[in-house]
Amino acid sequence: MQELNLYLATNLKKFRKNKGWSLDRTAKETGVSKAMLGQIERQESSPTVAKLWQIATGLQVSLSSLIAPPTPDTQSNQLRNVDHLRHQATPEDMVVATLFHFDASVGFEVFEITFLDDFERISEAHETGVIEHIIVIEGALELFINQQWVSLSQGQAIKFAADTEHGYRNTSGQAVKFHDIIHYPKK
Ligand code: MN
């Protein structure tokens, strides 16, 4: 948790300074208050995943660029062990492991996500052209796509346009674990 807040603080500062944006400008571009952005940069706040997405979208960066270590190991042949990568990313009952950090040459990032308990999140549209690929590893997941809930069980997978409102829900009473491969459009 503390590790993650440190990454987030460092990344936010880095992207903001790269763009030459003040906290005021960043608040305007992301829709997240200046007070909260300041708290994040001082590692005093653990934002929800909704806020993380708002910040990533406003800064036009991938989600993993915001929450993963600022200097990730991008070596393509390095073995990853998901057990070492899981973090409770937010105050919610949600655990995120960044298996593959965003790589601009391929345009995607790979997460393993766990919803520990009952969980529901409706997400605002991501940046235009963003596509998510969900593969359920364990348990059962419901996704809100095209204004309706779709049920997926272990082994099932779906691809959807994430540049429109969409959602995630676990009502199974047990943890659900899935991969989310998020593809971003070329800039
Ligand atoms: Mn999404």
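Parameters and conventions
- Residues numbered from 1 in each chain as written.
- Predicted model: local features only at pLDDT ≥ 70, side-chain atom pairs only at ≥ 80, totals over all residues.
- Heavy atoms only, no water.
- Donors = N, O, S within 2.8 Å, 3.2 Å for Na, K, Ca; no water.
- Helix = DSSP H or I, 4+ residues; strand = E, 2+ residues; numbered from the N terminus.
- Buried < 20%, exposed > 50% of the residue type's maximum accessible area, 1.4 Å probe, protein only.
- Pairing = 2+ DSSP bridges.
- Axes fitted to C-alpha atoms, helices over the stretch in contact; angles between N-to-C directions.

What should I look at first to understand the coordination of the manganese ion in this one?
Note on metal sites: the ideal angle is 109.5 degrees for four tetrahedral donors, and 90 or 180 degrees for six octahedral donors. Looking at the manganese ion, the protein donor atoms are H126 (NE2), E132 (OE), H166 (NE2) and Y168 (OH), and they sit 2.0 to 2.2 Å from it. Binding-site remark: the manganese ion is held by donors from one chain whose sequence spacing is H-x5-E-x33-H-x1-Y. Note that E132 is positioned in strand β5 (residues 131–138) and Y168 in strand β9 (residues 166–170), a separation of 36 residues in sequence. Both residues of the pair, E132 and Y168, belong to the buried class.

Help me out: how do you make sense of the sheet that holds strand β3 (residues 108–115) in this one?
Sheet strands associate in pairs through backbone hydrogen bonding, adopting either a parallel or an antiparallel arrangement. Strand order in the open sheet formed by 6 strands is β1-β2-β3-β10-β5-β8, with antiparallel pairing between adjacent strands. Both outer strands of the open sheet, β1 (86–88) and β8 (157–161), are each paired with one neighbouring strand and no more. When the angles between neighbouring strand axes are averaged without regard to direction, this sheet yields 25°. For β5 and β8, the ladder comprises 5 bridges, and the chain directions are antiparallel. Looking at the pairing, I131 lines up with A161 of β8.

Shape descriptors only; they carry no functional weight alone.
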